[in-house]
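Summary of structural features
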Amino acid sequence: MSERPHDSSQQPDAVDPFEEIISAETDRDPDLAVIEAGSRTLRAQGGMPQTDVPTRPADPALDKALREVETELATRWGETKLEPSVTRIAALMDVLGDPQRSYPSIHITGTNGKTSTARMIEALLGAFELRTGRYTSPHVQSITERISLDGAPISAERFIETYEDIKPYIEMVDAAQEYRLSFFEVLTGMAYAAFADAPVDVAVVEVGMGGTWDATNVIDGDVAVVTPIDLDHTDRLGETPAEIAVEKAGIVKQDATVILAQQPVDAAQVMLKKAVEVDATVAREGLEFGVVSRQVAVGGQMLTLRGLGGEYPEVYLPLHGPYQAHNAAVALAAVEAFFGVGSQRPEPLDVDTVRKAFAAVSSPGRLEVVRRSPTVVLDAAHNPAGARATAEAVGEAFDFSRLIGVVGASGDKNVRGLLEAFEPIFAEIVITQNSSHRAMDADELAGIAVEVFGEERVQVEPRLPDALEAAITLAEEEGEFAGGGVLVTGSVITVGEARLLLGKG
């Protein structure tokens, strides 16, 4: 790991293919380099146990109590209504005794890939016998997914207990502030309190939006991870990658280590400038670490990764797509940095432990196969960059002869860019909408889809169950063995609701 600029005058090692491979990778369109789409098909066992998405509690009384907490949280500002300040969350942390200071943390920002990267970091840390807390958003099906201990979402009982424990302090802060704590701020407070109560050895924390004024940014991450920055939430974060990077650079703290995924040049410049200002050490994908090689394998891919301490060959990752390989490289470098590899200790991490951890990774709702014959795949891509990566991964990982899309998107997203990214791979598209108040009206979305796909390729089914049935029927027209498939995408909420309808949870 180094802050020295790359010296292009040095002769490359003739027997080391790393520089040649990295050169090929970094010449690609950065939008396609490391994007989250994720996957979860066949996976090897080992490492920290990863659970699936939790279901509703079977006990009626417990389910009722959880719903009451969810109802109370729903009365607060939603995640899309923000006041750019950490004043309220800092006040809550203060009255709680600053629980977020009781453990070290790895803080993750970026546009796409955050949740999958967080899951990989969590799996690696767990494989090295550290107790972890993970805070990610949004959830696919259950609100309890957002707060995990030791690789598993906290139980409904613990979620309720944590809320009830800090509720008096929440009300105290509400009374003293101009605005009440938001939904996301309360959940962040709950996560930090739960991690301190466990207690955890390390917290893996994903920002909700941006960085500087994100509610999670009351921690001082020992390691700051920046996944690829692209255009999303432009009305709040900025209209260029560089402007967005200014906000996201807020998680880079004094003397931290920054793990920087491949970025647009202007975004990378912003991040490097911030690192210099706070005397942070930087490790850059493509220079200090990266993907040496990758091969498509059954249920995922086989990787050789270059970390901060050396190479890690024959790493099986049960997720599809080049972006997930890059996410793996970023996650590995983050964990190496946390353990001091490349600075305090020269030797790499134990390769067998690394292999065991990656083989156990899952990422629900990211290219997740939930049905066969025809194959139905769920993917939470919700912006153009994520959609382009998903389209690329589908072509690489699946051999569909005819793919039907089911798309329900949020009204505040670049839906035209999303649809244009999927147009080359969808034979037909079924437009629908999810139950969220943020959902774009199906007819409005269909109007844009007709402009992108042509009227003959667009079907409208406002109810998601009807849309799924229509898409499966269209895919079955290919015949049982012809390779028709369905991809449900456009929103995490759409994916979560489809997951329930298709019997997952």
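Small disclaimer: the values here were computed from a predicted structure and weren't measured.

Considering the nonpolar core
- Core analysis: the biggest nonpolar cluster contains 41 residues, and Met120, Ile121, Val225, Ile259, Phe289, Leu305 and Phe358 have the highest contact counts within it.
- Listed by contribution, the elements that provide at least two residues to this core are strand S1 (105–109), helix H4 (114–127), strand S5 (202–206), strand S6 (223–226), strand S10 (300–306), strand S11 (311–317), helix H10 (322–339) and helix H11 (351–359).
- Looking at this core element by element, the count peaks at 10 residues for H10.
- Counting residues in hydrophobic clusters, the runner-up holds 39 residues, among them Met93, Phe184, Val186 and Leu187.

Some words on the pattern of salt bridges
- On inspection of all chains with the given rule, the structure shows 26 salt bridges.
- Note that Arg56 is salt-bridged to Asp63, the shortest N-O span being 2.8 Å.
- A relative accessible area of 32% means that Arg56 is categorised as partly exposed.
- In this structure, Lys64 and Glu68 form a salt bridge, with 2.8 Å as the shortest nitrogen-oxygen distance. Linking Lys64 with Glu68, this pair stays in helix H2 (residues 60–74), spanning 4 residues, or about one helical turn.
- With a relative accessible area of 52%, Lys64 lands in the exposed category.
- It is possible to trace a salt-bridge network through shared partners that takes in Arg56, Asp63, Arg67 and Glu70.

Topic: helix H14 (residues 442–453)
- Compared with the 16 Å implied by 1.5 Å per residue over 12 residues, the 15 Å span of H14 between its first and last C-alpha is a close match.
- For H14, every residue scored as buried is listed here: Ala442, Leu445, Ala446, Ile448, Ala449, Val452 and Phe453. For H14, the arc enclosing every buried residue in end-on projection is 165°, short of the 170-degree limit, so these residues lie on one face. Summarising the geometry of H14, the exposed residues directed more than 90 degrees from the buried face are Asp443 and Glu451.
- Those residues of H14 that are buried are in contact with strand S14 (402–407), helix H13 (415–422), strand S15 (428–431) and strand S16 (458–460).
- Measuring from the side-chain oxygen of the N-cap residue of H14 to the backbone nitrogen of Asp443 gives 3.0 Å; that N-cap residue is Asp441.
- Downstream of H14 by one or two residues, Gly454 has phi in the positive range, about 95°.

Rules used in this analysis
Residues numbered from 1 in each chain as written. Predicted model: local features only at pLDDT ≥ 70, side-chain atom pairs only at ≥ 80, totals over all residues. Heavy atoms only, no water. Core = buried A, V, L, I, M, F, W, Y, C linked by side-chain atoms within 4.5 Å. Buried < 20%, exposed > 50% of the residue type's maximum accessible area, 1.4 Å probe, protein only. Helix = DSSP H or I, 4+ residues; strand = E, 2+ residues; numbered from the N terminus. Salt bridge = Lys/Arg side-chain N within 4 Å of Asp/Glu carboxyl O. Expected span 1.5 Å × (residues − 1). Arc of directions from axis to C-beta. Contact = heavy atoms within 4.5 Å. Polar contact = N/O pair within 3.5 Å; in protein donor to acceptor, adjacent residues only side chain to side chain.

Distances and angles like these do not, on their own, reveal function.
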